[in-house]
Amino acid sequence: SSDDQRLKSVVEELPSAPETLTLSHLRTAIECPLIMKALQGKLVVPDWQYFVDKCSTCYTKALSVTEGEVASYIPILAKADPAKFGVSVCTIDGQCVSFGDCKDEFGVQSSMKPLNY
């Protein structure tokens, strides 16, 4: 994406479609460490589509879980809509996928404990 700061200088150097890429453009692209890792299959999650499919399956299964209640003793959570559910995963390489209500703001409270461990 052109808003990814790690790729910004490369994107700025490349021509807009449908202009042809030159050897110079390709050299510029492969000088970017992130692009080289992707081309060499060395991203943290090399089979991204398989990973996304597995995440999607887990998300879909989790959608059916409706038991439980929001924590009434924490004011911000007491106001939370229990029907809202979203999952986002972003690797250190910048591979990102999101499912569900990921754009909605919510208090993370104790759900951060496993992530901070």
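Anything mentioned here points back to the structure above.
These remarks concern the structure in this document. (Residues numbered from 1 in each chain as written. Predicted model: local features only at pLDDT ≥ 70, side-chain atom pairs only at ≥ 80, totals over all residues. Heavy atoms only, no water.)

### A closer look at the packing of aromatic side chains
Each aromatic ring pair is specified by the distance between its two centres and by the angle formed by the two planes.
Item 1. Here the structure, examined in full by the defined rule, presents three aromatic pairs.
Item 2. Clustering of aromatic rings is evident, with ring pairs tying together Y59, F85 and F99. (Phe/Tyr/Trp six-rings, centres within 6.5 Å; stacked < 30°, edge-to-face > 60°.)

### A short note on the nonpolar core
Item 1. V45, W48, V52, C55, Y59, V97 and F99 together form the largest nonpolar core, which totals seven residues.
Item 2. At the level of elements, α4 (48-63) and β2 (96-100) are the ones that each hand at least two residues to this core.
Item 3. Here this core takes four residues from α4, the largest share from any one element.
Item 4. Those residues in contact with Y59, other than ones at most four positions away along the chain, are F85, G86, V87, F99 and G100.
Item 5. Core analysis: the next-biggest nonpolar cluster, separate from the first, contains six residues, L7, C32, L34 and L43 among them. (Core = buried A, V, L, I, M, F, W, Y, C linked by side-chain atoms within 4.5 Å. Buried < 20%, exposed > 50% of the residue type's maximum accessible area, 1.4 Å probe, protein only. Helix = DSSP H or I, 4+ residues; strand = E, 2+ residues; numbered from the N terminus. Contact = heavy atoms within 4.5 Å.)

### Here's the deal with the pattern of salt bridges
Item 1. Counted by the stated rule, this structure contains two salt bridges.
Item 2. Linking K37 and D93 is a salt bridge whose minimum nitrogen-to-oxygen distance equals 2.9 Å. On the criterion of sequence distance, the pair formed by K37 in helix α3 (residues 33-39) and D93 in the loop between β1 (86-90) and β2 is long-range, its members being 56 residues apart.
Item 3. A salt bridge links K84 to D104; the nearest nitrogen and oxygen atoms lie 2.8 Å apart. Taken together, the positions of K84 in the loop between α5 (75-78) and β1 and D104 in the loop between β2 and α6 (113-116) put the pair 20 residues apart, joining distant regions of the chain.
Item 4. Using a relative accessible area of 44% as the deciding quantity, one classes K84 as partly exposed. (Salt bridge = Lys/Arg side-chain N within 4 Å of Asp/Glu carboxyl O.)

### As for the environment of W48
Item 1. With respect to the helices and strands, the residue W48 is situated in helix α4.
Item 2. Placed 63 residues apart in sequence, W48 and S111 show a C-alpha to C-alpha distance of 26 Å.
Item 3. What W48 contacts, discounting residues up to four positions off in sequence, is T91, Q95, C96 and V97.

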